[in-house]
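Results of the structural survey
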Amino acid sequence: MAKNFRNFIGGEWVAPTTGGYFENRNPADTADLIGRFPDSGAQDVARAVRSARRGFDLWRRTPAPARGDVLRRVGDLLVERKEAIADAMTREMGKVLAETRGDVQEGIDTAYFAATEGRRLYGRVVPSELRSKWAMTYRRPIGVAGLITPFNFPMAIPTWKTFPALLCGNAVILKPSEDVPHTAHLLVEILLEAGLPPEVIQLVHGRGETVGKALVEHPEVPVISFTGSTDTGAIIGETCGRMHKRLSLEMGGKNAQIVMDDADLDLALEGVLWGAFGTTGQRCTATSRLILHRKIHDRFLRRLTGAVESLRLGDGRADTTDVGPLIHEAARDKVERYVEIGEAQGAELVTGGRAPRGRLAAGWFYQPTIFSGVKAGSRLEQEEIFGPVLSVVRVNSFDDAVRVNNGVRYGLSSSIYTRSADVAFRALERLDNGITYVNAPTIGAEAHLPFGGVKATGNGHREGGWEVYDFYSETKACYVDYSGKLQRAQIDTYEL
Ligand code: NAD
């Protein structure tokens, strides 16, 4: 009998005021019911905000090194439970165990980074332009942070947001994707076990259009951090703009791997397989476009096709599986639609292009798919598909490759394979993305570097690294004048 899970609000695990629940099923086998999760409403969000306000008053006064200690214990617990969480995560969203282990590891890295940041969280002391006067800055917490997360990194993305927000002294309301509520539940259990005061964290499950919307629109939630699709981000951005909220948006991508004629083709082949079909293509940094120099195009495509045809689809919890299912039926329908669009627009379907039958019909599987002869500017080349579909674009030169890479509305990640240092550095300079890899695939961000994209992928903030601490804290400028007289900046400054 599947369990009814609860929200965590007001320091306790509670049922939603709506009385409604939604089902969470294994995408590799939809007969496997993981549990029922609260289909909460705006009232649950309002209760969570009231409690988080109390949590904030307590937590903001807890010294940052002590806040860091809690996060260190969170890291230790994640280490202890890594395997169990990875297994639960694969059951919940389908990607293979090696990847869900990596997802937990990213949470561990983020926890330990945050733990040590508690002893830094630097402000600055700078010389004042006036005598007998000090000028300095320090970081203050902001308030209640509403965190809205997507399905594809069920542990890593909530930790990217939650840990720095907490370390800076904010209280958190987490609204995880309705596709992966179980992993969020496991994370909140760990935060509480590690000693986080209960009202500092609230977990409210439910749909984006109800719970997410209520959180974004609540006047006492001054900080919103969202990761998800560009369409949803645009809606959230309008509300936050109107309400003068601090907002971080991490949204869609249409990332390309470029392979130049001097590249190590074995390396480039491994890179594109991992980049395009890891997480079944459901990464914001997934390689969705492969830009091949004409001199190696045919040779590389032939080898790639063979390699893709040998990828094994299946349950992510089986050792033999390379590629798991898509997250749900709508995601697979979307992939099917794009395959039809590709064929209608004259691209050549090289391999894949359908859902498998037989035992895999129990889940949302789709064959790894390649289109060649894809035209720059076509829908297949421009739009985010979020599935195992790779579009191959043939180019004549490095300049062409840059033009194609930059010719989309998104700007998250890019990659180039070349043996030329010259070309590599020119690519770093000219590719319009927040992240560029040289001789490595479009995926593989590390927790201590800033993560985010340009153009329609983001709004200028970064997750990860040190930059995220700027987002979750308010910098206050402080002046202390001990001259005993009125000193007017800019006016008395140069009267010596
Ligand atoms: P989604 O936009 O459907 O949902 C993301 C979250 O937003 C969910 O929690 C959802 O419930 C919530 N939501 C939906 N409508 C809302 C509304 N009106 N108000 C408030 N919240 C709302 O995205 P998804 O399908 O879960 O994830 C896939 C998308 O996320 C892709 O576009 C992918 O590129 C993007 N993504 C981006 C990054 C990044 O860092 N740039 C990382 C991972 C995923």
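Note that the structure is predicted; figures quoted are calculated from it, not measured.

1. Comments concerning the overall build of the protein
For the protein, the helix and strand inventory stands at 15 helices and 22 strands. Against the 2.2 N^0.38 benchmark of 23 Å for 496 residues, the protein shows a C-alpha radius of gyration of 24 Å, consistent with a compact globule. Its C-alpha atoms give the protein principal-axis dimensions of roughly 80 × 65 × 40 Å. Within the protein, buried positions represent 57% of all 496 residues.

2. Overview of the environment of G123
Along the chain, the position of G123 falls in the loop between α4 (97–117) and β6 (124–127). On the accessibility criterion, G123 (38% relative accessible area) is partly exposed. If sequence neighbours within four positions are ignored, G123 has contacts with T137 and Y138.

3. Considerations on the pattern of salt bridges
Enumeration according to the criterion identifies 26 salt bridges in this entry. Among the salt bridges present, the one from R25 reaches E23, with a minimum N-O distance of 2.9 Å. The class for R25 is partly exposed, based on a relative accessible area of 34%. D399 is paired through a salt bridge with R430; the nearest N and O atoms lie 2.9 Å apart. One end of the pair, D399, is in helix α13 (residues 398–406); the other, R430, is in helix α14 (residues 421–430), with 31 residues separating them in the sequence.

4. Points about the sheet that holds strand β22 (residues 474–481)
On the basis of which strands lie adjacent, the open sheet formed by three strands has the order β6-β7-β22 and antiparallel pairing. Lying at the two open borders of the sheet, with one neighbouring strand each, are β6 and β22. With strand direction ignored, the average angle separating the axes of adjacent strands in the sheet is 20°. Note: β6 against strand β7 (residues 133–140), four bridges, orientation antiparallel. Bridge pairing links P127 to W134 in β7.

5. A word on the packing of helix α2 (residues 64–80) against helix α6 (residues 181–193)
Axis separation between α2 and α6 bottoms out at 9 Å; the angle between their running directions is 130°. Considering the angle they form, α2 stands oblique to α6. Here α2 runs over α6; the crossing is right-handed. From α2, V74, L77 and L78 reach across to α6, where they touch I190, L191 and E193. Looking at the contact of α2 with α6 residue by residue, the class counts come to five nonpolar, no polar and one charged.

6. Focus on α2
In a regular helix each residue adds 1.5 Å, so 17 residues correspond to 24 Å; α2 covers 25 Å between its end C-alpha atoms and thus fits that length. A64, R67, G68, V70, L71, V74, G75, L77 and L78 are the residues of α2 that are buried. Among the structural elements, α1 (42–59), α3 (82–93), α4, α5 (156–167) and α6 are those in contact with the buried residues of α2.

7. Quick word on the sheet that holds strand β4 (residues 21–25)
In spatial order, the strands read β1-β5-β4; together these three strands make up an open sheet with mixed pairing. Among the strands making up the open sheet, the edge pair consists of β1 (3–4) and β4. Pairing of β1 with strand β5 (residues 33–38) involves two bridges; the strand directions are parallel. From the neighbouring strand, K3 faces β5, where its bridge partner is G35.

8. Some thoughts on the site of the ligand
By nearness alone, 29 residues border the ligand, and T149, K175, E178, M251 and E384 come closest of all. Isolated, the ligand exposes 850 Å² of accessible area, and the fraction of that covered by the protein chains is 90%. Looking at the shell around the ligand, the elements with two or more residues in it are α7 (208–217), β11 (223–227) and α8 (230–242). Per-element accounting of the shell around the ligand gives the leading share, four residues, to α7. Taken together, the residues of the shell around the ligand break down into 12 nonpolar, 11 polar and six charged.

9. Concerning the side chain of K175
Secondary-structure assignment places K175 in strand β9 (residues 171–175). Residue K175 is classed as buried on the basis of its relative accessible area, which comes to 2%. At 3.0 Å, the side chain of K175 forms a polar contact with the backbone oxygen of G206. Contacts of K175, omitting those with residues within four sequence positions, involve L147, I148, T149, V204, G206, R207, G208, V211, G212 and L215.

10. Quick look at the packing of α13 against α14
The interhelical angle for the contact between α13 and α14, taken along N-to-C directions, is 30°, at an axis separation of 11 Å. With respect to each other, α13 and α14 are oriented roughly parallel. In terms of crossing hand, the pair formed by α13 and α14 is right-handed. Touching F398, D399, V402 and N406 of α13 are V423, R426, A427 and R430, all from α14. Along the lines of polarity and charge, the residues of the contact of α13 with α14 split into four nonpolar, one polar and three charged.

11. Topic: the layout of surface pockets
The volume enclosed by the second largest pocket comes to roughly 360 Å³. Lining the second largest pocket we find 23 residues, and of these E106, F153, R283, G444 and A445 sit closest to its centre. No other element matches α4, which puts seven residues into the lining of the second largest pocket. When the residues that make up the lining of the second largest pocket are grouped by side-chain class, the tally is 11 nonpolar, five polar and seven charged.

12. Things to note about the domain arrangement of the protein
Its domain assignment divides the protein into domain 1 (7–251 + 458–477) and domain 2 (255–438). For domain 1 versus domain 2, the distance between C-alpha centres works out to 31 Å. Every contact between the two is made by 23 residues of domain 1 and, on the other side, 25 residues of domain 2. In total, about 1900 Å² of surface goes out of reach between domain 1 and domain 2, with carbon and sulfur atoms giving 58% of it. Counting across the interface, domain 1 meets domain 2 through two salt bridges. Where D87 meets R317, a salt bridge forms, and the shortest distance between an N and an O atom there is 3.2 Å. At the boundary of domain 1 with domain 2, the tally comes to seven residue pairs in polar contact (both at pLDDT 80 or more).

Calculation notes
Residues numbered from 1 in each chain as written. Predicted model: local features only at pLDDT ≥ 70, side-chain atom pairs only at ≥ 80, totals over all residues. Heavy atoms only, no water. Helix = DSSP H or I, 4+ residues; strand = E, 2+ residues; numbered from the N terminus. Rg over C-alpha atoms; globule rule 2.2 N^0.38 Å. Buried < 20%, exposed > 50% of the residue type's maximum accessible area, 1.4 Å probe, protein only. Contact = heavy atoms within 4.5 Å. Salt bridge = Lys/Arg side-chain N within 4 Å of Asp/Glu carboxyl O. Pairing = 2+ DSSP bridges. Axes fitted to C-alpha atoms, helices over the stretch in contact; angles between N-to-C directions. Parallel < 35°, antiparallel > 145°, perpendicular 65-115°, else oblique. Left-handed = near helix turned anticlockwise from the far one by under 90°. Nonpolar A, V, L, I, M, F, W, Y, C, P; charged D, E, K, R; others polar. Expected span 1.5 Å × (residues − 1). Near = heavy atom within 4 Å. Areas by Shrake-Rupley, 256 points an atom, 1.4 Å probe, with all protein chains shown as cover. Polar contact = N/O pair within 3.5 Å; in protein donor to acceptor, adjacent residues only side chain to side chain. 1 Å grid on protein atoms, 1.4 Å probe; cavity = no way out; pocket = protein on both sides within 12 Å on 5 of 7 lines; lining within 4 Å. Points joined across faces, edges and corners; volume = space filled by probe spheres on them. Domains from an automatic or database assignment. Buried area = accessible area lost by both parts, 1.4 Å probe.

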